[in-house]
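Remarks on the overall topology
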Amino acid sequence: MATGTLPPVVNRYKVHLTLLLFLLIYIGPLNCQQFVIPFKAPSDCSAEEFFDISSLSCVSCGSNQRRSTTGLSCICKTGYQTLTTDKASITCQQCPTDSPAVTTGGFGCIRCPGSLSDEGKCQCPPGNVLVERDVNGNLLEEASCVTCNGNSPALSVPNHSGERCERCQASFINTSCLCNPPNVLAEGLCFPPGSLSTNVNPSVNYAELKFSVQSAWFIKNLYSSSAACLVFSNLTACQALGNMCVMNMHSFSGISTDACGLFNTIFRSRAALSSTQDISYWRVNLPWLYYGDEPGLASRVLQTDPVPIRFSFRGKNKNTDIKLLAAVYNVRGEFLRWEQVGGRNLQLCPETTTKQAAAFSFGTAYQESCDLSVAELLGTHPEPIFYDVFMDLGGGENRKLLPLPTLVYNQQYNGRFINQGGVLFVSVCVCVCLCVALIYLFFCTESMKNWYLSRRMFVVDTLSGREKSTDSLPKVIRVASSVKIRFQLVPRTQEGQVFTPLMTVTYKDIPITDINTQTVTTTFAVEYEMDQNEARIKTDTALGVMGGVAVLYSLLKTVSWKRRIASPLIDVETMLKFFLFYAGDLANVFFAVTVGTGLYWLILYKAQQFVSVLLPLPAQEGQFVTYIGCAFALKAVQFLHKLILQVSIDVFFIDWERPRSKANRTVQVSATGEPKRDPSPVSIWRTYFVANEWNEIQTIRKISPTFQIMAVLFFLEVLGFSNLALRDPWPTLQRSSQAYTPSYSLMLRYGLAATLWLCIGLLQVIFFTVFHEHFVEDKIRQFVDLCSISNISVLLLSHRCFGYYIHGRSVHGHADTNMEEMNNNLNRESESLCGQRGLLPNTEIQTFQVSLTNRLRSQYDRIQEQINRRHGPSRLMDECSANQFEQRARGYQTMNHFLGSIIDHAYPDMDYIVKDKLMFERVIGMEFLEPTEKSIFYNDEAHSFSDVLFYGNEATLLIFDTLFFCVVDLGSQSFVLAAVLTCVQQMIFRLIRNTLGRKNLVRKTLVDERFLI
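Summary of the structure given here. Sequence order sets the numbering: in each chain, residues are counted from 1 along the sequence as written. Restriction of local features to residues with pLDDT of at least 70 applies here, the model being predicted, together with a cutoff of 80 or more for giving and counting side-chain atom pairs; totals for whole chains, interfaces and linings are based on all residues. Heavy atoms from the whole structure form the basis of all side-chain values; hydrogens and water molecules are not counted.

Notes on the packing of aromatic side chains
Only the six-membered ring of Trp is used, alongside the rings of Phe and Tyr, when aromatic pairs are assigned; centres must lie within 6.5 Å, and planes under 30 degrees apart are stacked while those over 60 apart are edge-to-face, with the rest tilted. For the coordinates displayed, the defined rule picks out 57 aromatic pairs. Considering the side-chain rings of Tyr600 and Trp601, the 5.8 Å spacing of their centres and the 80 degrees angle between planes classify their relative orientation as edge-to-face. The partly exposed category is assigned to Tyr600, whose relative accessible area is 47%. Every member of this aromatic cluster is reached through a ring pair, and the members are Phe311, Phe313, Phe362, Phe487, Tyr528, Tyr605 and Trp730. Using a 1.4 Å probe on the protein chains alone, a residue whose accessible area is under 20% of its type maximum counts as buried, one over 50% counts as exposed, and one in between counts as partly exposed.

Here you go:
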C-alpha cells in the first residue's frame, strides 16, 4: 500500500515546488522593477501617425492612410475609399478612374457632375445640394446637383452642410430667397436699404491700456444684431447688441456707431412704445442696461425706498439669508436659465461651498481674493456669460424680484471715468508734539449724483479681444477684478431694513503675452454700511467737551506746579510744562473716548436682535485709528515726562543715630603728645541698607506685568475671545476651520483688547491692594517700617519747594544695637511700652507731603552745592580741602545735621507746622496755602511718596501698556507679536528706570554705588 501511494504524493509535491519556483521567478522582478514609459503628446506624432489613447504613444497609420484632424485616428487619403473596418483598423482602396470621387460617408466611389473638392469629394455650385443616393438609400452611379427653389412659395436654400434644401430666413424678400441689391446681406439676414448705416464701429476700447481692438466678434455680429433689433425687433438680436455694449463697459462716446451708440439709438427710437414691467428705463424688446442720466438719479435709486425685507440676527423672526437670482444670457443673446447667485458664477475663487455661502449671510463682511491663471480662464470661459442680478423678495405665489443696480468703475462718458471718485474724504489732523490743539477738518463732496447706474454685467470676457477671428488667441482679455455688493442700512431703523443693494464691478484689462505664466487677481466682497455721521458727531462732541475739561485741568496742574517751585513768573518753561500736562490729560481723553467707542460698538453690534447698527467700513475707521495714534503718542510723552522727573528727584537720608559714649576711639595725637579720644562713629550700614531697599522698590508695580500679558493672551487666543472682533454678528468664541472667517474690525479689535487689558489690570490692582498687601507683603509700608527700625528718615523733593518726608526716627533712640536689644525694643513697641513712631507726640503718622519755604530750599541748595563741588576743576578747590572724599563726608554731615535740626524745630526762621490737607486739595492735587514764613507738613496716611515711583503711577503705566499693545496689534494684526513687544518694552523701560534712578540715588545721597546691590 505504501508503495502504491508514494508516486501521487511525490507528484503532488513536485507540482507545488514547480508553482513555488515559478512564483519566485515571476514575483522577483516585480519587486525590483521600475516601470518607465516615454512621454508622447498628440502634437508629437507625424503626419503618418496617430496618437493611440490606449498605449499613450504614436502609432503608424496603415497603407494609403493619414492622420485625422483630431490626431486620434487614421483616415483614408484623398481619392481612397474605406472598404472594411474591424472597429480597430480600416482598409483603404483607391477609387477607379470612372468614379474618382469619394462619397460623403467615405465608404463608396462615385462619378461627379462637376468638379472635385480638395478632399476628393463632389462639389456643387451655390444654391444647389449634392444628391448621392436615391430615395431608398442606394448609391447612384453619378451624383447630381439639385437647385433649391428660392422663389415663392418654396423659398428654400441649402442648409449649412449643403445636404438638403430648407426654407430661407424670414427676413428675406417674400417672393425670393435672394438678397439682391440694394438690400444688405449680413449674417444670413437680409435688411432693406436705409434701415441702418453699414458703417458701424466694431472696436472695443481698453481705456486702461490706452488702445482699442477691432473685435472679430463685433465685426461679424455688430451690424446684423443692431439691424435685426431695429428692423425686425428680434429679441435675441437685441440681447446680443446689449451684450456687446456691456463688453464695451457701457461707455458713451461721441461715436454713435459703436455698440453702446447703436443701442442708445434704438433705445431712443422706442420711446413712443410701452415700457417693460412699468420701468421707464426698460424699453420693449430691449435689455435693461441703464437707469438713466438724470442728475441725482443714483441717490434716489439707492437711498429712497427701503427693501421690503427685515433682517434679524436672533429670535423667532431670525432672517439672515440674502437671496439673489440672476437671469443668465450667453453672448448670442439667448436666455439660458434663472440661476441662484453663488457658487462659481460671480465668485471665481475656488473655495468650498460652505465658505462661499457665507457671502450671502446678512451681516457677515465677506471678502475672498485669489490669483487665477490666464490659461485657465481661457479654457473655462471661451465666451462671456451675462447676468442680470435681482434680489429675491419672496412672496410665495406672488414672488417678487428687486433689480440690483450695478456701478461699473470702468464706464466712460466722452473719455472720462464717471463712476470713479466716490466720496472724497480729507482728514487733516494737526497733532503737535505738545498737542497745542487738535484740529479735524472734514471736507466731503458727494459724487454719487454723477454716477451712471447700469444693470447687466459679466465676469470674464475672452471673446471681444480676438482680432483676426473668433477662434484666434485674444490680444487682451477683460476680467472682473472686483465684484462688490454693498448693503446700506436705513438710518434709525429698528427693524433691520436696508436700501436697495448696489453691485460695484471693476474690470481689469490683461494684454496677452504668455498665458502659461500670466495671472490675474480677482476679489468678491459683500459689504454692509450705515450712515456714520451721527456717531462721528457724538464722538467729536465728546472729544471737544472732555478736551476742554482737560485744558482746565492742565491749567490747574500748571498753577500747582508753579506754587511748588515757588516761581510766580510765566515763562517758556511754564508754557512747556503746560503742554506736557495737557499731553497727558488729552491722551486720557482720547483713550477714554476710543475705548468707550470700541466697547459700545462691540456690545451693540454683537448683542442686537433686529439689525439697527452696522460696523463702520475699513475705510471709515481711519479717523478712529488716528485718535488711537494720538492717544498713544500723547501718553508716551506723558510717560517719558514722568520718567525724567522720577530719575531727577532730590533724595536725602537723615540719620538720627548718635554716637554712644561708652566706647571711644583714638583719632589723633594732641600737641602735648597725648592721644585724643573720640566717641565711637555711627555705622553707615543702616543708610546703605535703606538705600538698597529704596533702589529695589523704584520699579515695583501694583500688577504683575508677566501675568497681565499671559492672561490677556489666554483669553484672546486660547479661549477665542479674538473671534468677537470679527466682522460678523455672531458672538461665538470658537469657529470651525471649515467655516468662513471674515476679517477683523479694527474698532472691535481695539475695543476688545483694550477692555480686556484694563479689566485684568484692574482686577490685579484690586487683588494686590485688598489681599496681597494686607496678607502677604506691602513693600511701601515695609519700607516705612524699615526706616523706623533703622533710625533713618527720608526726604524726597519732587519739586523745588515740594516733596515728601518719611519720618523714620526710632522711638528707642538707637538702632545700632545687638540682636537681643533689638528684639527687646520691638517687644516694647508691640506692647505699647514706649512712644509712638509719629513725628508729633502720640501719633502714628510717619509720612508727609512737605511744602517748603524758599528760605529753607535756598539753604538746602547751598549745602548741596558744597557736596557737588567735586565736579569742578581741582585747581579751584581749597588746598585744605584737597581730599574730595573728606569734603563730601563733611557736606553729608552738614546736610544731615541741618535737616535733622529742621525737623527738631532748631531754626525758628525755617520752622514748620503740621496740618491735614483739605479734601478738595487732595482731589485737585494743589495746596491752597503758600509757605511764606513756615514750611507746611501735610499728614499723608496714603503714602503718596510712591508718586515718585512706578508704584504710584500705575494708571499711567497701565494705559501706556494698553495703548502700546493695541497699536502694535492694529499694525500687525497679531496679538502674540503685540504681547511679545509689550513685554520687551516693559523690560527696557524698567531697566532704564532702574539704571538712571540708581545713578540719581548715588549722586544725591552720596551712597557709594558699589553698595547698591
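Back to the text.
Section: the packing of helix H10 (residues 622-646) against helix H20 (residues 975-1005)
The relative placement of two packed helices comes down to the angle between their axes together with the axis-to-axis distance. Between H10 and H20, the shortest axis-to-axis distance is 9 Å and the interhelical angle comes to 25 degrees. It follows that H10 is roughly parallel to H20 by the angle criterion. Considering the relative orientation of H10 and H20, their crossing is right-handed. Residues Phe639, Leu640, Leu643 and Gln646 of H10 lie in contact with H20, whose contacting residues are Phe989, Ile992 and Arg993. When residue character is reported, Ala, Val, Leu, Ile, Met, Phe, Trp, Tyr, Cys and Pro are called nonpolar, Asp, Glu, Lys and Arg charged, and the others, Gly included, polar. Tallied by class, the residues present in the contact of H10 with H20 amount to five nonpolar, one polar and one charged. To get an axis, fit a line to the C-alpha atoms, keeping to the stretch in contact for a helix; angles then go from 0 to 180 degrees between the N-to-C directions. Put simply, DSSP H or I for four residues or longer makes a helix, DSSP E for two residues or longer makes a strand, and each gets a number counted from the N terminus. Angles are sorted into four bins: roughly parallel if under 35 degrees, roughly antiparallel if over 145, roughly perpendicular if 65 to 115, and oblique for all others. A clockwise turn of the near helix away from the far one marks a right-handed crossing, whereas an anticlockwise turn of less than a right angle marks a left-handed crossing. Note on contacts: a residue pair qualifies if any of its non-hydrogen atoms lie within 4.5 Å across the two residues.

Considerations on the state of the cysteines
Two cysteine sulfur atoms make up a disulfide if the distance between them is within 2.5 Å. According to the stated counting rule, one finds ten disulfides in the structure shown. One disulfide bridge connects Cys61 with Cys74, the sulfur atoms lying 1.9 Å from each other. One quick way to see it: the torsion about the S-S bond of Cys61 and Cys74 is about -80 degrees, and its sign makes the bridge left-handed. Taken together, the residues span a long stretch of sequence, with Cys61 in the loop between strand E2 (57-60) and strand E3 (65-67) and Cys74 in strand E4 (residues 74-76) at a distance of 13 residues. As far as burial versus exposure is concerned, Cys61 and Cys74 are alike and both buried. Here Cys148 pairs with Cys165 through a disulfide, and the sulfurs are 1.9 Å apart. Disulfide Cys148 to Cys165: torsion about the S-S bond roughly -85 degrees, handedness left-handed. Taken together, the residues Cys148 in the loop between strand E10 (139-147) and strand E11 (156-158) and Cys165 in strand E12 (residues 165-167) connect sequence positions 17 residues apart.

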